[in-house]
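# Topology and contacts: notes
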Amino acid sequence: MSHRTVFPRALLYAVLMALVAFSVVAQAPALIVLDAWTRQVPGSDVAAAYLTLRNPTTRPVTIVSIESPLAEHAMIHETKTVGGQSQMRPHEQLVISPGQTVKFEPGGLHVMLMGLTQPVAVGKSFPLVLLLADGTKVQVAAVVRPLSAQ
Ligand SMILES: [Cu+2]
């Protein structure tokens, strides 16, 4: 067998393996995101978003950052009551254990959206992008609910 016939076969094999790898990744999401929403706060340029994260894999999943085209800056915050006072603190990295579900909800973990670039009407949604430690980006649509939503 000459070198000329071997090379294209190797290339074809590499392309096929890449396609197989891609389809495996597409079938097994690294992170399941459910029920993403935010409260509309008229006149405010900050908002908190909530969601539920589930790790369906057998490895820990680490969220390193969150972004949204709607906000100049987004980060994970945690509300804690210290000495009877409610305080918010940045929560740097969030590690979700295999099989674990983490709920962001009012009074606890939330996505802090700062510098909102445009108002979003109740009932509409906007993208939130979660960046994982392995470089994967997970995009979800967060629904805007009225100020009274719990
Ligand atoms: Cu906050």
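Residues numbered from 1 in each chain as written. Predicted model: local features only at pLDDT ≥ 70, side-chain atom pairs only at ≥ 80, totals over all residues.

### Let's talk about the overall build of the chain
- Scanning the chain from N- to C-terminus turns up 1 helix and 10 strands.
- The secondary structure elements of the chain, listed N-terminal to C-terminal, are α-β-β-β-β-β-β-β-β-β-β.
- Each of the 150 residues in the chain was classed as buried or not, and the buried ones make up 18%.
- At a minimum sequence separation of 6, the contacts of the chain that also span at least 24 residues come to 67%. (Helix = DSSP H or I, 4+ residues; strand = E, 2+ residues; numbered from the N terminus. Buried ≥ 20, exposed ≤ 12 C-beta atoms within 10 Å, placed from the backbone. Contact = placed C-beta atoms within 7 Å.)

### Details of the environment of serine 148
- Among the structural elements, serine 148 can be located in the segment after β10 (137-145).
- Overall, serine 148 belongs to the exposed group, with 7 C-beta atoms counted inside 10 Å.

### Quick look at unusual backbone geometry
- Look at aspartate 35: it is not a glycine, yet its phi comes out positive at around 50°.
- Following the sequence through the fold, aspartate 35 ends up in strand β1 (residues 32-39).

### Brief notes about the pairing of β10
- As paired strands, β1 and β10 are joined by 3 bridges and run parallel to one another. Residue pairing for β10: tryptophan 37 is matched across the bridge by valine 143.
- Summarising the sheet, strand β9 (residues 125-132) and β10 pair through 7 bridges and their orientation is antiparallel. The residue bridging phenylalanine 126 from the neighbouring strand is alanine 142, located in β10.
- Once β9 ends, the chain turns through 4 residues before running back antiparallel as β10, passing glycine 135 with a positive phi of about 95°. (Pairing = 2+ DSSP bridges.)

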